Amino acid sequence: MAAFARVSGSVGLITLQNPPVNALSAAVRQGIVDSVQRALREPEVKCVVICGQNGIFCGGADIREFSGPMSGPPLIPMIHSIEVAAKPVVAAIEGSALGGGLEIALGCHYRIAHSKTRLGLPEVTLGLLPAAGGSQRLPRLIGVPAALDLITTGRHVTAAEALQLGMVDQVTDRNVTDVAVKFALSVVGKPLDARRISMHSCPHSPDLDELFERTMQHVRQRARGAIAPVACVQAVRAAATLPYAQGMEKERELMATLFTSGQARALQYCFFAQRAIGRWSMPSGARWDTSKPRPVHKTAVIGLGTMGRGIAVTLAQAGFPVIAVENHEKQLMEAKQAISGMLERGAKRRGVTPVLNKITYSRDIQSVANADLVIEAVFEDMALKEKVFQQLSAICKPGALLCTNTSGLNVDHLASQVRNPELVVGMHFFAPAHVMKLLEVVYGPRSSPEALATAMAVGKKIGKVSVAVGNCQGFVGNRMLEHYMEQALFLLEEGATPELVDQALEEFGFAMGVFRVSDLSGLDIGWRIRKGKGLAVPDPTTGQTARVQQGRRYSPVADLICEQGRFGQKTGQGWYQYNTPGSRVGKPDPWVHNFLKDYRAQHGLVARRIDHQEVLERCLYSMINEGFRILEDGIAAGPEDIDVIYVFGYNWPRHRGGPMFYAHMVGLPKVLERLEHYHQAHPDVPSLQPCNLLRKLVANGSPPIQKWKEVMKKINSRL
Ligand SMILES: C[C@H](O)[C@H](C)C(=O)SCCNC(=O)CCNC(=O)[C@H](O)C(C)(C)COP(=O)([O-])OP(=O)([O-])OC[C@H]1O[C@@H](n2cnc3c(N)ncnc32)[C@H](O)[C@@H]1OP(=O)([O-])[O-]
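Residues numbered from 1 in each chain as written. Predicted model: local features only at pLDDT ≥ 70, side-chain atom pairs only at ≥ 80, totals over all residues. Heavy atoms only, no water.

1. As for the overall build of the protein
- Of regular secondary structure, the protein possesses 28 helices and 21 strands.
- Against the compact-globule benchmark of 27 Å for 719 residues, the protein has a radius of gyration of 28 Å, which places it among compact chains.
- Judged by the C-alpha coordinates and their principal axes, the protein covers about 100 × 60 × 60 Å.
- Within the span of the protein, comprising 719 residues, buried residues form 56% of the whole.
- Contacts spanning at least 24 positions in sequence make up 72% of the contacts within the protein whose residues lie at least 6 apart. (Helix = DSSP H or I, 4+ residues; strand = E, 2+ residues; numbered from the N terminus. Rg over C-alpha atoms; globule rule 2.2 N^0.38 Å. Buried < 20%, exposed > 50% of the residue type's maximum accessible area, 1.4 Å probe, protein only. Contact = heavy atoms within 4.5 Å.)

2. Here's the deal with the site of the ligand
- Residues in close proximity to the ligand total 27 residues, the closest being Ala61, Gly100, Glu103, Glu123 and Arg275.
- One of the backbone nitrogen or oxygen atoms of Ile63 is found 2.9 Å away from a nitrogen atom of the ligand.
- Here Arg275 contributes a side-chain N or O atom positioned 2.7 Å from an oxygen atom of the ligand.
- For the ligand, whose unbound accessible area comes to 1000 Å², protein coverage reaches 74%. (Near = heavy atom within 4 Å. Polar contact = N/O pair within 3.5 Å; in protein donor to acceptor, adjacent residues only side chain to side chain. Areas by Shrake-Rupley, 256 points an atom, 1.4 Å probe, with all protein chains shown as cover.)

3. Description of the UniProt feature "domain: 3-hydroxyacyl-CoA dehydrogenase C-terminal" (unreviewed entry) in the protein
- According to UniProt, the positions carrying the feature "domain: 3-hydroxyacyl-CoA dehydrogenase C-terminal" (unreviewed entry) are residues 474-578 and 615-703.
- This span, residues 615-703, is 66% helix and 0% strand, and a straight line between its end C-alpha atoms measures 27 Å. (UniProt positions renumbered as here; feature names shortened; annotations may be inferred.)

4. A look at the packing of aromatic side chains
- Scanning all chains against the criterion turns up 17 aromatic pairs.
- Considering the side-chain rings of Trp591 and Phe595, the 5.4 Å spacing of their centres and the 5° angle between planes classify their relative orientation as stacked. Of the two residues, Trp591 and Phe595 are both situated in helix H22 (residues 590-602); the distance of four residues between them amounts to about one turn of the helix.
- Owing to a relative accessible area of 33%, Trp591 belongs among the partly exposed residues under this scheme.
- A relative accessible area of 15% means that Phe595 is categorised as buried.
- Three or more aromatic residues joined by ring pairs make a cluster, and in this case those are Tyr484, Phe508, Phe510, Trp652 and Tyr662.
- Just above the ring of Phe271 sits the side chain of Arg275; from NZ or CZ to the centre is 3.7 Å.
- The residue whose ring lies beneath Lys461 is Phe320, and the NZ or CZ to ring-centre distance is 4.2 Å. (Phe/Tyr/Trp six-rings, centres within 6.5 Å; stacked < 30°, edge-to-face > 60°. Lys NZ or Arg CZ within 6 Å of the ring centre and 35° of its normal.)

5. Focus on the nonpolar core
- Ranked by internal contacts, the top residues of the largest apolar core, which has 110 residues, are Val368, Leu505, Trp575, Leu620 and Phe628.
- In terms of residue count, helix H23 (residues 612-632) provides more of this core than any other element does, ten residues in total.
- Ile32, Phe57, Ile93 and Leu211 belong to the second-largest nonpolar core, a separate cluster that totals 70 residues. (Core = buried A, V, L, I, M, F, W, Y, C linked by side-chain atoms within 4.5 Å.)

6. Section: the environment of Leu438
- Tracing the backbone through its elements, the reader meets Leu438 in strand E16 (residues 438-443).
- Not counting residues within four places of it along the chain, the set of residues in contact with Leu438 comprises His428, Phe429, Phe430, Val465, Val467, Val644, Ile645, Phe648 and Gly649.

7. Here's the deal with the pattern of salt bridges
- A complete count under the given rule lists 40 salt bridges for this structure.
- For the salt bridge of Arg552 with Glu486, the shortest nitrogen-to-oxygen distance reads 2.7 Å. Linking Arg552 in strand E19 (residues 552-553) with Glu486 in helix H17 (residues 477-493), this pair joins segments that are 66 residues apart in sequence.
- Looking at Glu486, the relative accessible area reads 14%, which means it is buried. (Salt bridge = Lys/Arg side-chain N within 4 Å of Asp/Glu carboxyl O.)

8. Considering the side chain of Glu499
- Its place among the elements puts Glu499 in helix H18 (residues 498-508).
- Among buried charged residues, Glu499 stands out as having no salt bridge; its nearest opposite-charge side chain is Arg516, 7.6 Å away.
- What Glu499 contacts, discounting residues up to four positions off in sequence, is Tyr576, Pro588 and His593. (Lys, Arg positive; Asp, Glu negative; His and termini not counted.)

9. Examining the UniProt feature "domain: 3-hydroxyacyl-CoA dehydrogenase NAD binding" (unreviewed entry) in the protein
- Sequence positions flagged by UniProt for "domain: 3-hydroxyacyl-CoA dehydrogenase NAD binding" (unreviewed entry) are, in local numbering, residues 299-471.
- Counting secondary structure, residues 299-471 comes out at 38% helix and 22% strand; the distance between its end C-alpha atoms is 23 Å.

10. As for unusual backbone geometry
- Omega for the peptide link from Pro19 to Pro20 comes to 10°, which places this bond in the cis form.
- With respect to the element layout, Pro20 can be found in the loop between strand E2 (11-16) and helix H1 (26-41).
- The peptide bond linking Ala431 to Pro432 adopts the cis configuration, its omega dihedral lying at -10°.
- One non-glycine residue with positive phi stands out, namely Asn22, at about 50°.
- The topology assignment puts Asn22 in the loop between E2 and H1.
- A residue is classified by how much of its surface remains accessible, and Asn22, at 0% relative accessible area, is buried.
- The residue Asn54 is not glycine, and still its phi comes out positive at about 60°.

11. A few points about the pairing of strand E3 (residues 47-52)
- Within E3, six of the six residues are buried, which leaves the element mostly enclosed by the surrounding structure.
- Burial along E3 is two-sided: Cys47, Val49 and Cys51 and Val48, Ile50 and Gly52, pointing in opposite directions, are all buried.
- Relative to E3, E2 runs parallel, the two being bridged by six bridges. Paired with Ile14 across the bridge in E3 is Ile50. (Pairing = 2+ DSSP bridges.)

12. With respect to the packing of helix H11 (residues 262-276) against helix H24 (residues 639-649)
- Two numbers describe how H11 lies on H24: the axes approach to 9 Å, and their chain directions differ by 105°. Here H11 is positioned roughly perpendicular relative to H24, judged by the angle of their axes. When H11 is examined against H24, the residues Tyr269, Cys270, Ala273 and Gln274 are found in contact with a partner set consisting of Pro639, Glu640, Asp643, Val644, Val647 and Phe648.
- Class assignment for the residues of the contact of H11 with H24 results in seven nonpolar, one polar and two charged. (Axes fitted to C-alpha atoms, helices over the stretch in contact; angles between N-to-C directions. Parallel < 35°, antiparallel > 145°, perpendicular 65-115°, else oblique. Nonpolar A, V, L, I, M, F, W, Y, C, P; charged D, E, K, R; others polar.)

13. Focus on the pairing of strand E17 (residues 465-470)
- In terms of burial, E17 is a largely internal element, six of the six residues being buried.
- On E17, burial covers both faces: Val465, Val467 and Val469 on one face and Ser466, Ala468 and Gly470 on the other are all buried.
- Running through helix H16 (residues 449-461), the crossover from E16 to the neighbouring parallel element E17 is right-handed. (Right-handed = clockwise from strand over helix to strand, strands pointing away.)

14. Examining H22
- Taking 1.5 Å per residue, 13 residues should reach 18 Å; H22 reaches 18 Å between its end C-alpha atoms and fits that length.
- Turning to H22, its buried residues are Val592, Phe595, Leu596, Tyr599 and Arg600. On an axial view of H22, the arc spanned by its buried residues comes to 130°, and they lie on one face. Residues of H22 that are exposed and point more than 90 degrees away from the buried face comprise Lys597, Asp598, Ala601 and Gln602.
- Contacts made by the buried residues of H22 are with H17, H18 and helix H21 (557-563).
- Where H22 begins, one side-chain oxygen reaches toward the backbone nitrogen of Trp591, 2.7 Å away; that side chain belongs to Asp589. (Expected span 1.5 Å × (residues − 1). Arc of directions from axis to C-beta.)

15. A short note on the domain arrangement of the protein
- For the protein, the domain assignment lists domain 1 (2-260), domain 2 (299-472), domain 3 (496-602) and domain 4 (614-634 + 657-718).
- Put simply, the middle of domain 2 and the middle of domain 4, counted by C-alpha atoms, are 35 Å apart. (Domains from an automatic or database assignment.)

16. Quick notes on the sheet that holds strand E14 (residues 401-404)
- In space, the eight strands of this open sheet follow the order E12-E11-E10-E13-E14-E15-E16-E17, with mixed pairing throughout. The strands lining the two open edges of the sheet, one partner per strand, are strand E12 (359-362) and E17. Neighbour to neighbour, the strand axes of the sheet diverge by 25° on average, direction disregarded.
- Sheet analysis places strand E10 (residues 299-302) next to strand E11 (residues 322-325), joined by four bridges and oriented parallel. Counted as the bridge partner of Thr299 is Val322 from E11.
- Contacts from helix H12 (residues 306-317) reach E10, E11, E12, strand E13 (373-376) and strand E15 (424-429) within the one sheet, and its direction differs from that of E10 by about 170°.
- In this fold helix H13 (residues 329-350) packs onto E11 and E12, with an angle of close to 170° to the strand it touches most, E12.

Right, dumping it as structure tokens:
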């Protein structure tokens, strides 16, 4: 709701009250309407100040209301009544003014912001556009180019940048409401027409058409099929070319298309999923709010290869002192140089001083004896990791958290190497570790809730989106990815080309298809892992790698490509051809096409026409099916955990919500039917056999994704 009070004699103070972010729920909107009417009606009130409770102005419209019928007074006429008011209305902005919150402020005649405020119109990140006049008022206030940037990206600006853009009139370090009240009294009686933004046209911008063409092209490229950014450009174009009322009509039309779109539902699901994963739970019943993290002051990283360097940078940038250990002198010197460079470039980008002194380098693992948390990031070899954990167990102080950055090896096996297995968890970073937001925090059967709570707390402090998952081969992300990649290889055997598979996945919204990503990360990495699993081993008699391994179909196509030394971008050849080793632009490679033709002939395979639909169904549904197995095994607590992992760690297109949300949108009965269809065609591919949980959810009427956890509990309780 919103409270009204008269302060300083003649100032009507309207306070938004809806913790934690004063979202504009129906009750808050009604409260504002009532308060504005009262302020304008009461003769003693000469001016008005609008502020928010609890140190935040307003987080915008109440996103929770979007999934149901909208009720309460609409925003647009409410903001209009503020703008046309005969008494000056001043917005006192602190904390955040986002979306509808900023739109209210744009309806006010003046805006005073606290220096720590963040302002923005992030609707595009929810699959929407600023639909309470923001797309029409902001361009009029700050100009078309700046408004296009803020509205199509949804980025938040600081108070300093907002002042520089002309979005706010004053920035203060003092109590912003007090400053606003004084300011409001100082402008009583001054003409207001100049302050009514909608009454003005947009500041002139030379060659507007060229600007919009260029922006639309850039936005379409970046959007990868997302519709909201495109609509945002069209709305701002209306502001630049049409009178306000017509522009508002255009804004309303565009919003109507977006509001009910599947993409908007996917993006709003992601918004809440990203916040839900912080409320983790373990199969033991331990939870985020019943487990206390241990204090972590000193940290250490063992092994300064690519991952170790990124992890050290991330910890130091978050303010942790780091002991960086590498026992090879040359590797240590190279790491020191690389890390310093990363810290300096990061500091330059953020306009802060590089924290080079946060890291101390050592060749001696003894130096980590006093660390509260140690992250092992040595080469992905179990024997080597065992040795490191045995050393850490002997060296580290009691209570130190021992973490491994393995991307899929058995965390519990490493726990069995130490005195306190309850203090061992996985902290699986994604390359580059100082850039990628995702962190899989892996707990084993012996990991204590306290250990998990501590790793999750450190994950939050270093700015990672941290997801708690159970220990199993490949954890969640890589375990599902294996099936996605396996299907892609089978499709090559059956007639597809790498380009066709990648095109289907890129049209779906992935920045890069599976074969382009493999060429980027290096085919030799996967090859080494497959060899480690005893898969990519040619039969000594035939010299051929069997196409049935451990009782299931196996495709040796990638191994055979690697045997030719084709490791992707780094060798200039992989699934694509590159001008030179290291170059990034891959062209279709006739060698690969001929190789596949020969391979099919050799194995008696007949190529057939494969369409994009089949590529998507086989690559994505097999991955989703494994997602259901992961839920069934309790490795992930809910679909949100899986979807956040894929959106933040595997570039799953955010406007598709994540693999499990996508299954929900496609419809579980359809996913089940298609998996059954493909499993019938490929009985030797177990990953296509529908998971029991999927069957049970369909049998339970395919409940909405928000209800899966509940239904899973019921299903499990009946087991
Ligand atoms: C007409 C108009 O044009 C259109 C159509 C719109 O206006 S569309 C809406 C546009 N507005 C936004 O996109 C802003 C969204 N919010 C944020 O960016 C951030 O929240 C924040 C404001 C910067 C605070 O960050 P935080 O880190 O301090 O806390 P938190 O953990 O994120 O949030 C704390 C709690 O508040 C909940 N919450 C936050 N913003 C909310 C909102 N707008 N509606 C409903 N709930 C919200 C959130 O789910 C969490 O709940 P729970 O998990 O505790 O149950």
